[in-house]
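Each chain, written out:
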Amino acid sequence: MNVEQLRSMMQLQALQGLQGNKQTNNSSSFSNVLAGMMTTDTVNSSLPGQHSFSHPLNSAMLSMNAGLLEAEISKSIAPQTATGAVKEKVSVARRSDFEDIIEEASIKYGVDPKLIKAIIQQESSFNPTAVSHAGATGLMQLMPLTAKGLGVTNAMDPRQNIMGGTKYIRQMLDKYDGNLTLALAAYNAGPGNVDKYNGVPPFKETMNYVRKVTGNYQA
């Protein structure tokens, strides 16, 4: 192997690190280049006037670099799986962090903690910093005016958000005489729309919302 071949091989390795979305194909290409280099050395060694001798260091360097490349590819792929596992652990940790607040809100406003969790799951997947395109904020996705009316000064604060959201669903349950379907519809689309349509508004989002929250709550 000459200096130019070694340089080409190292440049190809550098490109491997930059093109993460083409790891498998590049790995194959690199293997082909290595194989071509080894074949070229063998053919050239049999040409007239050249010695049929390949220094052991050539093979050792090829094996070493191929091994390093495979290791780099493995390391670049492995974090993708690990990230999913980490996210799952964070999600579980968040849920447990809010248990005490949910229990406190449940007792204060007389709302089943399972219902509070079902709403949070649907609204934000337990993400306290979630913000919707419409401007709803936090775990229970409170709109700014609604939050203000509920006495919530910081909707990003988990305790204030859960207390405010639980108070709101309590108000909706009282308004519709304990009818969970109408209360959830009002939580999602506003009581004005529920009153306007005299039931669940014919909005796809609201109908899906009521169905999913009710399903999670009764599961």
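First, a word on scope: everything that follows refers to the structure included in this document. It should be emphasised that the depicted structure is a prediction, and the values quoted were computed from it without experimental measurement.

Analysis parameters
- Residues numbered from 1 in each chain as written.
- Predicted model: local features only at pLDDT ≥ 70, side-chain atom pairs only at ≥ 80, totals over all residues.
- Heavy atoms only, no water.
- Axes fitted to C-alpha atoms, helices over the stretch in contact; angles between N-to-C directions.
- Helix = DSSP H or I, 4+ residues; strand = E, 2+ residues; numbered from the N terminus.
- Parallel < 35°, antiparallel > 145°, perpendicular 65-115°, else oblique.
- Left-handed = near helix turned anticlockwise from the far one by under 90°.
- Contact = heavy atoms within 4.5 Å.
- Nonpolar A, V, L, I, M, F, W, Y, C, P; charged D, E, K, R; others polar.
- 1 Å grid on protein atoms, 1.4 Å probe; cavity = no way out; pocket = protein on both sides within 12 Å on 5 of 7 lines; lining within 4 Å.
- Points joined across faces, edges and corners; volume = space filled by probe spheres on them.
- Core = buried A, V, L, I, M, F, W, Y, C linked by side-chain atoms within 4.5 Å.
- Buried < 20%, exposed > 50% of the residue type's maximum accessible area, 1.4 Å probe, protein only.
- Salt bridge = Lys/Arg side-chain N within 4 Å of Asp/Glu carboxyl O.

### Topic: the packing of helix 7 (residues 158-175) against helix 8 (residues 180-189)
For step 1, the next point in the chain: One can describe the packing of helix 7 onto helix 8 by two numbers: an axis separation of 8 Å at closest approach and a directional angle of 130 degrees. The angle between helix 7 and helix 8 falls in the class oblique. Considering the relative orientation of helix 7 and helix 8, their crossing is right-handed. Of helix 8, the residues touching helix 7 (which contributes G165, Y168, I169, M172 and L173) are L180, A183, L184, A186 and Y187.
For step 2, the next point in the chain: Residue classes in the contact of helix 7 with helix 8 are distributed as 9 nonpolar, 1 polar and no charged.

### Side note on the layout of surface pockets
For step 1, the next point in the chain: Space inside the largest pocket adds up to approximately 470 Å³.
For step 2, the next point in the chain: Lining the largest pocket are 21 residues; nearest its centre among them are E123, A136, Q141, N188 and E205.
For step 3, the next point in the chain: Elements represented by at least two residues in the lining of the largest pocket include exactly helix 5 (113-124), helix 8 and helix 10 (204-218).

### Observations concerning the nonpolar core
For step 1, the next point in the chain: L115, I119, I162, I169 and L184 are the most contacted members of the largest nonpolar core, which has 37 residues in total.
For step 2, the next point in the chain: The dominant element in this core, judged by the number of residues it contributes, is helix 8, at 7 residues.
For step 3, the next point in the chain: Each residue touching L184, except ones within four places of it in the same chain, is listed here: L115, I119, I169, Y209, V210, V213 and T214.

### Points about the environment of A183
For step 1, the next point in the chain: With respect to the helices and strands, A183 occurs in helix 8.
For step 2, the next point in the chain: With 12 residues separating them in the primary sequence, A183 and Q171 have C-alpha atoms 8.4 Å apart.

### Some remarks on the pattern of salt bridges
Here the idea is simple: oppositely charged side chains can pair when their charged atoms come close.
For step 1, the next point in the chain: On inspection of all chains with the given rule, the structure shows 4 salt bridges.
For step 2, the next point in the chain: With a closest N to O distance of 3.1 Å, K117 and E99 form a salt bridge. With K117 in helix 5 and E99 in helix 4 (residues 99-109), this pair connects stretches of sequence that are 18 residues apart.
For step 3, the next point in the chain: Its salt-bridge partner being R159, residue E104 comes within 2.4 Å of it at the nearest N-O pair. Here the residue E104 occupies a position in helix 4, and R159 occupies one in helix 7, the gap between them amounting to 55 residues.
For step 4, the next point in the chain: Note on E104: relative accessible area 33%, which makes it partly exposed.

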